[in-house]
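These are the residues of each chain, in order.
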Amino acid sequence: MTISITKPTVGGSEDTWGTTNNQALDDIVDVLNGNTASTPDLTEGSWKVGGATITATAAELNHTDGVTSSIQTQLDSKQPTITGAATTIDDADLTVSRALVSNSSGKVAVSAVTDTEVGYLGGVTSAIQTQIDSKAANTTLAESDWVAGTSTTEAIVSPAKLKAAIVAQPSVTIVRGPTSTATTSLTHVANHGQSSRPDSVWAEVIITVAQHGYSVGDCIKVGNVYERDEDDVHTTIWGNATQMGLSTNVANTYMYVANRSSGADQLLTGQSIRIVGVWYD
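A. Spotlight on the environment of Thr20. Inspection of the secondary structure assignment puts Thr20 in helix α1 (residues 14-33). Every residue in contact with Thr20, bar those within four places of it in the chain, is listed here: Thr6, Lys7 and Pro8.

B. Representation of the packing of aromatic side chains within the structure. Here the structure, examined in full by the defined rule, presents zero aromatic pairs. Stacked on the ring of Trp202, the Lys or Arg Lys221 has its end atom at 4.7 Å from the ring centre.

C. Structural view of the side chain of His188. When you line up the elements, His188 lands in strand β6 (residues 187-191). Not counting residues up to four positions away in its chain, the partners in contact with His188 are Ser180, Ala182, Met244, Gly245, Leu246, Tyr254, Ile273 and Ile275.

D. Summary view of the nonpolar core. Residues Ala203, Val205, Val222 and Leu246 are the most contacted members of the largest nonpolar core, which totals 17 residues. Those elements that place two or more of their residues in this core are β7 (200-207), β8 (219-222), β11 (243-248) and β14 (271-280). For Ala203, the contacting residues outside a window of four places in its chain are Ile220, Lys221, Val222, Ile237, Leu246, Ile273, Arg274 and Ile275.

E. Structural view of the pattern of salt bridges. Applying the stated criterion to the full structure yields two salt bridges. Ionic pairing is found between Glu204 and Arg176, a salt bridge with its closest N-O pair at 3.8 Å. Within this pair, whereas Glu204 is found in strand β7, its partner Arg176 is found in strand β5 (residues 172-176), the two being separated by 28 residues in sequence. With a relative accessible area of 6%, Glu204 lands in the buried category. Between Arg274 and Glu204 there is a salt bridge whose closest N-O contact spans 2.8 Å. Here Arg274 is found in strand β14, whereas its partner Glu204 is found in strand β7, with 70 residues between them in sequence.

F. Local environment of the side chain of Asn259. With respect to the helices and strands, the residue Asn259 is situated in the loop between β12 (256-258) and β13 (265-267). Judged by relative accessible area, which is 15%, Asn259 ranks as buried. A polar contact of 2.8 Å, which involves the side chain of Asn259, links it to the backbone nitrogen of Ser261. At a separation of 3.1 Å, a polar atom in the side chain of Asn259 contacts the main-chain amide nitrogen of Ser262. Not counting residues within four places of it along the chain, the set of residues in contact with Asn259 comprises His212, Tyr214, Ala264 and Gln266.

G. Here's a closer look at the sheet that holds β8. Sheet architecture is open: four strands sit in the order β5-β14-β7-β8, paired in antiparallel fashion. With partners counted over all chains shown, the strands left at the sheet margins are β5 and β8, one partner each. On average, adjacent strands in this sheet sit at an angle of 30° to one another, irrespective of strand direction. Here β5 runs beside β14; their pairing, made up of five bridges, is antiparallel. Considered in β14, the bridge of Arg176 is made with Val276.

H. Fine view of the environment of Leu268. Relative to the elements of secondary structure, Leu268 occurs in the loop between β13 and β14. By relative accessible area, Leu268 is classed as buried at 1%. For the pair Leu268 and His212, spaced 56 residues apart in the sequence, the C-alpha separation amounts to 8.0 Å. In contact with Leu268, other than residues within four places in its own chain, are Val205, Ile207, Gln211, His212, Met255 and Val257.

I. Up close: unusual backbone geometry. Within the chain, Ser97 stands out as a residue other than glycine whose phi angle is a positive 55°. Tracing the chain through its elements places Ser97 in the loop between α3 (71-76) and β3 (98-102). You will see that His212, though not glycine, has its phi angle at about 50°, which is positive. Its place among the elements puts His212 in the loop between β7 and β8. The partly exposed category is assigned to His212, whose relative accessible area is 22%.

J. The arrangement of a nonpolar patch on the surface in detail. Together, Val113, Val118, Leu121, Val124, Ile128 and Ile132 line one region of the surface with nonpolar side chains, adding up to about 470 Å² of accessible area. Mapped onto the secondary structure, Ile128 falls in helix α5 (residues 128-133). The exposure class assigned to Ile128 is partly exposed, which follows from its relative accessible area of 39%.

K. Main features of the pairing of β11. Relative to β11, β6 runs antiparallel, the two sharing five bridges. Counted as the bridge partner of Ala190 is Met244 from β11. In the sheet, strand β10 (residues 233-239) pairs with β11 via five bridges, with the strands oriented antiparallel. By the bridge assignment for β11, Ile237 is matched with Leu246. The loop that links β10 with its antiparallel partner β11 comprises three residues.

Calculation rules
- Here the residue numbering is sequential within each chain, running from 1 through the sequence in written order.
- Given that the model is predicted, a residue must reach a pLDDT of at least 70 before its local features are reported, and side-chain atom pairs must reach 80 or more before they are shown or counted; all residues, however, enter totals for whole chains, interfaces and linings.
- Hydrogen atoms and water are omitted, and side-chain values are computed over all heavy atoms in the structure.
- In this text, helices come from DSSP runs of H or I with a minimum length of four residues, and strands from runs of E with a minimum of two, each type numbered from the N-terminal end.
- Residue contacts are defined here by distance: any two heavy atoms, one from each residue, within 4.5 Å place the two residues in contact.
- Stacked, tilted and edge-to-face are the three classes assigned to paired rings of Phe, Tyr and Trp, where Trp is represented by its six-membered ring and a pair needs centres within 6.5 Å; plane angles under 30 degrees give stacked, over 60 edge-to-face, the rest tilted.
- By definition here, charges over rings are those cases where NZ of Lys or CZ of Arg is within 6 Å of the ring centre and within 35 degrees of the ring normal.
- What we call a nonpolar core is a set of buried Ala, Val, Leu, Ile, Met, Phe, Trp, Tyr and Cys residues that are connected through their side-chain atoms within 4.5 Å.
- Residue exposure (1.4 Å probe, protein chains only): buried if accessible area is under 20% of the type maximum, exposed if over 50%, otherwise partly exposed.
- Salt bridge, as applied in this entry: a Lys or Arg side-chain nitrogen positioned within 4 Å of an Asp or Glu carboxyl oxygen.
- Here a polar contact is recorded for every N or O atom pair within 3.5 Å, except that within protein the pair must consist of a potential hydrogen donor and a potential acceptor, and residues adjacent in sequence are included only if both atoms are side-chain atoms.
- Any two strands between which DSSP finds at least two bridges are classified as paired.
- The axes are straight lines fitted to the C-alpha atoms, using for helices just the contacting stretch, and the angles between their N-to-C directions are given from 0 to 180°.
- To count toward a patch, a residue needs a relative accessible area over 30% and no salt bridge; like charges are then connected within 9 Å, while nonpolar side chains (Val, Leu, Ile, Met, Phe, Trp, Tyr) are connected within 5 Å.
- For accessible areas, the Shrake-Rupley method is used with a probe of radius 1.4 Å. Any residue's cover is judged against the shown protein chains and nothing else.

Printed below as a string of structure tokens:
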């Protein structure tokens, strides 16, 4: 610390010598009492306060710069150590990209669930397990077993079993004999090529010229006819193990039809006829 004072001039006027001394003494007292600011340059480790040697360095004392209240009071108000759930994560980094959970001790812990897996929850609108339980159970069959239908149960019916169910349905065989335009023959016979008689048989008249409300290609079914009156008309459609046919005692019996619109009795002039047999397996 440097103190500057004005010394009296040796041999000077006695009137100014005393005043000069007194001013110098006052200047010293003001500095010592703190009335005058001073910038002491103290030697580190060689100055004392209240008889105690100050050992702090200038750098250490500078750490108090900016302190606004008692340092110890502020320190005493802080938690000395981390307690509670966070004690498991206070001294090391956690495994990256994992969800945090509370373990069996109530401490923070890293789970096996990744952040990507947590992202899969985005968009879920209700309990996931409830939604899963409402779905049909997944089959545990190998694909080849399911396709072949070798299991007794499948969540979805196998193609093989579906095909078998369709094949197992009764089949129908229909045989249509050749068409004939004959109008004078009393019989029309066709070989059906089956090994048994037909389960059902009928005749069909095919319109070849538009007439009586019918268009070309229209089909009219002919059944058995028995009319016992002055005309005594008979028409029989039959089938056996090798043939099927139509027999009538009047050649043009099958040519009489009802008008499609009026129902009036009409005679066809452009048509062909064929016999049809049906077999049910």
